[in-house]
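Examining the three-dimensional arrangement
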Amino acid sequence: METFAKKRAIFPGSFDPVTNGHLDILKRALKLFDEVIVAVLINEGKEPLFTIEERMELIRRSMPQDRITIISFKGLLVEAARAHEASAIVRGLRAVSDFEYECQIAMMNRELAPEIETTFLMTQANFSFVSSRLVKEVVRLGADPSHLVPPTVIEALHQKFEITK
Ligand code: PNS
């Protein structure tokens, strides 16, 4: 009987914090790949709102799934992909405006690791304007975007901004 190698993809990002847009891409990726490694960037240059452990825990609590592994990484994404034997990188596209930046990253990653394919998945239309940055901003200013992020993320944002509801 023929056996097929499992198709494993890596889905990288800052996830500061995870949004329903990210989760939508992750669900779509799980339809195409056997396993998805969610790789949370340890942003050494940036000052994220959530620590790396918090960002990983929010993803874990938002989408428990046996075909998902959550890791953190620093340095080159393609090295993390190679270390975890992922043959594809998954990135979400919300709109044409994402494309130029994503195209540059994909081309650079191909230069560095020609054996790894970047795949772009389109997010559900009603998440096409959602970004972690805007979610943080509107919660800090008192709005309730609970249809755009998992409940656990809303709670975590309220705690960070010391908002009592
Ligand atoms: O969620 P983000 O912040 O848009 O994700 C950006 C990410 C993590 C995909 C990108 O910054 C990245 O891959 N960083 C790792 C460093 C790297 O590999 N750079 C070379 C490719 S341009």
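None of these values were measured; they are calculated from a predicted model.

**A short note on the layout of surface pockets**
As a volume, the largest pocket reaches approximately 1,000 Å³. Gly13, Ser14, His22, Arg91 and Tyr101 are the residues nearest the centre of the largest pocket, which is lined by 38 residues in total. Put simply, the parts of the chain that give the lining of the largest pocket at least two residues each are β1 (8–13), α1 (20–32), β4 (88–93), α4 (96–112) and α5 (132–140). Counting residues per element, the lining of the largest pocket draws most heavily on α4, which supplies 7 residues. Per-class residue counts for the lining of the largest pocket are 17 nonpolar, 12 polar and 9 charged.

**Examining the packing of aromatic side chains**
Applying the stated criterion across every chain yields a total of 2 aromatic pairs. Measuring from centroid to centroid gives 5.4 Å for Phe11 and Phe15, while their planes differ by 80°, and the two rings are edge-to-face. Measuring from ring centre to ring centre gives 6.3 Å for Phe99 and Phe120, while their planes differ by 65°; the resulting arrangement is edge-to-face. Of the two residues, Phe99 is situated in helix α4 and Phe120 in strand β5 (residues 117–122); the sequence distance between them amounts to 21 residues.

**Some thoughts on the nonpolar core**
In terms of nonpolar packing, the biggest core is built from 34 residues, with Leu26 and Val90 touching the most fellow members. Among the elements that line this core, the one with the most residues is α1, at 5 residues. With sequence-adjacent residues up to four places away left out, Val90 is seen in contact with Ala9, Ile10, Phe11, Pro12, Ile25, Ala29, Phe33, Thr119 and Leu121. In this structure, Ile71, Phe73, Ile89 and Ala113 belong to the second largest nonpolar core, which totals 13 residues.

**Points about the site of the ligand**
Close to the ligand lie Pro12, Gly13, Ser14, Leu41, Phe73, Gly75, Leu76, Leu77, Arg91, Ile105 and Asn109. Here Ser14 contributes a side-chain N or O atom positioned 2.6 Å from an oxygen atom of the ligand. Here an oxygen atom of the ligand sits 2.8 Å away from a polar atom, N or O, in the main chain of Leu77. Contact with the protein chains hides 74% of the accessible area of the ligand, taken as 560 Å² for the molecule alone. A molecule is said to occupy a pocket when more than half its atoms come within 2 Å of that pocket's grid points, and by this definition the ligand occupies the largest pocket. The set of elements that each furnish at least two residues to the shell around the ligand consists of β1 and α4. Per-class residue counts for the shell around the ligand are 6 nonpolar, 4 polar and 1 charged.

Conventions adopted
Residues numbered from 1 in each chain as written. Predicted model: local features only at pLDDT ≥ 70, side-chain atom pairs only at ≥ 80, totals over all residues. Heavy atoms only, no water. 1 Å grid on protein atoms, 1.4 Å probe; cavity = no way out; pocket = protein on both sides within 12 Å on 5 of 7 lines; lining within 4 Å. Points joined across faces, edges and corners; volume = space filled by probe spheres on them. Helix = DSSP H or I, 4+ residues; strand = E, 2+ residues; numbered from the N terminus. Nonpolar A, V, L, I, M, F, W, Y, C, P; charged D, E, K, R; others polar. Phe/Tyr/Trp six-rings, centres within 6.5 Å; stacked < 30°, edge-to-face > 60°. Core = buried A, V, L, I, M, F, W, Y, C linked by side-chain atoms within 4.5 Å. Buried < 20%, exposed > 50% of the residue type's maximum accessible area, 1.4 Å probe, protein only. Contact = heavy atoms within 4.5 Å. Near = heavy atom within 4 Å. Polar contact = N/O pair within 3.5 Å; in protein donor to acceptor, adjacent residues only side chain to side chain. Areas by Shrake-Rupley, 256 points an atom, 1.4 Å probe, with all protein chains shown as cover. Sits in = over half its atoms within 2 Å of the grid points.

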